[in-house]
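Below are the chains, spelled out letter by letter.
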Amino acid sequence: MPELPEVEVLKRGLNELIVNQTVKAISSINSPRSLIGSLSDINRFVVGAKITEINRRGKMIIINLSSGYCLVVHLKMTGQLVYRSDDEQKNFGAGHPTNSLVGQLPDRSSRVVIVLEKGTLFFNDQRKFGWIRLIHKNLLEDIKLYRTMGPEPLEGIPKNQFSANLSRRANLKIKPALLDQTVIAGVGNIYADESLWMAQIHPSTRVKNVPAASRGLLLDSIVDSMNTSINFGGSTDRNYVNAKGQGGSYLKFAKVFRREGLLCPRCGSEIIKIKLAGRGTHFCPVCQKEEQSS
Ligand SMILES: [Zn+2]
């Protein structure tokens, strides 16, 4: 799964490259389920419309159109968005790291092709779990994932709101609570492990046993780790590389994620990996103390 920073990198790149271009044509290739919307609506509200802005909600990309409609893109496991410009200097792509990011397109993984004035945007998706959906911007809340998504970490969440959202999952362990997209948008495995390390919270601690001060520190840590990752172009967590086929470099700077057996940068103890709620979980057993009581 892509994580929020990778999708944010994608949003920023597309905002620089495809805004103000008119859509000349859009079609799906051998995968009608990848493009959701009636053909008549697509012809009426996409073709001929201008792209006005690219937004992000959680891990969804929203391509806003001058018709009042938007194309919502979810990359899921293996999706990519690749922009091939008439000007090769402006080629850009992010997603599952296959040769499709840099090779000839369309190819076998191409599902949707959007022809623009100055280039073509390809939605590639080997496993076909991703989708692009046409919807009026006033009806975005009809998408359940959109409606139930928690607040955006990069937009400044008040600490008391974050704490209250966590408290709805009081008996859950803190790591799976962070991965619940209704608590906070876009936190995946990497940023959960990194932020818990930064805030010195054991990932198995029950939410109700995490004090307010630690929750505040945790929120700051989530924002810090995501911003650091965005500055490095995202992580290379095997489903993700960023612009022009170059991988993001955040994982080189990660403190615990995929560093089991290496030493904790804070206390020098060995980082360990456990399975927690089905997810590989990395932490320092010394400076992230296990809860004493529950
Ligand atoms: Zn440590």
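Summarised in this report is the structure supplied together with it. (Residues numbered from 1 in each chain as written. Predicted model: local features only at pLDDT ≥ 70, side-chain atom pairs only at ≥ 80, totals over all residues. Heavy atoms only, no water.)

Focus on helix α4 (residues 159–167)
(1) Moving on: The complete set of buried residues in α4 reads F162, S163, N165 and L166. Seen along its axis, α4 keeps its buried residues to an arc of 160°; they face one direction.
(2) Moving on: Those residues of α4 that are buried are in contact with α5 (174–179) and α7 (212–231). (Buried < 20%, exposed > 50% of the residue type's maximum accessible area, 1.4 Å probe, protein only. Helix = DSSP H or I, 4+ residues; strand = E, 2+ residues; numbered from the N terminus. Arc of directions from axis to C-beta. Contact = heavy atoms within 4.5 Å.)

Notes on the packing of aromatic side chains
(1) Moving on: Within this structure, the stated rule accounts for 1 aromatic pair.
(2) Moving on: Both rings, one in F45 and one in Y69, keep their centres 4.0 Å apart while their planes meet at 10°; by these two values the pair is stacked. Here Y69 lies in strand β5 (residues 69–74) and F45 lies in helix α2 (residues 39–45), a separation of 24 residues in the sequence. Y69 matches F45 in its accessibility class, with the two residues each being buried.
(3) Moving on: The ring of Y146 carries the charged tip of R57 above its face, separated from the ring centre by 5.9 Å.
(4) Moving on: Residue placement shows R266 over the ring face of W197; its charged tip is 4.0 Å from the ring centre. (Phe/Tyr/Trp six-rings, centres within 6.5 Å; stacked < 30°, edge-to-face > 60°. Lys NZ or Arg CZ within 6 Å of the ring centre and 35° of its normal.)

Some words on unusual backbone geometry
(1) Moving on: In this structure, P106 follows L105 across a cis peptide bond, with omega equal to 0°.
(2) Moving on: On the secondary structure map, P106 appears in the loop between β7 (92–95) and β8 (110–116).
(3) Moving on: Phi is positive for N30, close to 50°, though the residue is something other than glycine.
(4) Moving on: The topology assignment puts N30 in the loop between β1 (23–28) and β2 (35–36).
(5) Moving on: When its relative accessible area of 68% is taken as the criterion, N30 is described as exposed.

Focus: the coordination of the zinc ion
(1) Moving on: Around the zinc ion, the protein contributes the donor atoms C264 (SG), C267 (SG), C284 (SG) and C287 (SG), which lie 2.2 to 2.3 Å from the metal centre.
(2) Moving on: Relative to the metal, the 4 donor atoms surrounding the zinc ion lie at angles of 101 to 125°, and the coordination shape comes out tetrahedral. (Donors = N, O, S within 2.8 Å, 3.2 Å for Na, K, Ca; no water. Tetrahedral: all angles 85-135°; square planar, octahedral: opposite > 155°, others 65-115°.)

Quick look at the sheet that holds β8
(1) Moving on: A sheet is described by the order of its strands in space; here 5 strands give the open sequence β1-β8-β9-β6-β7, paired in antiparallel fashion. Two strands in the sheet have a free side with no partner beyond their single neighbour: β1 and β7. Across the sheet, the mean angle separating the axes of adjacent strands is 10° when strand polarity is ignored.
(2) Moving on: Here β8 pairs with strand β9 (residues 119–125) via 5 bridges, running antiparallel. In the strand pairing of β9, I114 is matched with L121. (Pairing = 2+ DSSP bridges. Axes fitted to C-alpha atoms, helices over the stretch in contact; angles between N-to-C directions.)

So, the environment of S67
(1) Moving on: Within the fold, S67 resides in the loop between β4 (60–65) and β5.
(2) Moving on: Taking relative accessible area as the criterion, S67 reaches 28% and is therefore assigned partly exposed.
(3) Moving on: Taking C-alpha positions, S67 is 5.6 Å from F45, a pair spaced 22 residues apart along the chain.
(4) Moving on: Those residues in contact with S67 that sit more than four places away from it in its chain are F45 and A49.
(5) Moving on: Within the local environment of S67, its side chain forms a polar contact with the backbone oxygen of F45, the two atoms lying 2.7 Å apart. (Polar contact = N/O pair within 3.5 Å; in protein donor to acceptor, adjacent residues only side chain to side chain.)

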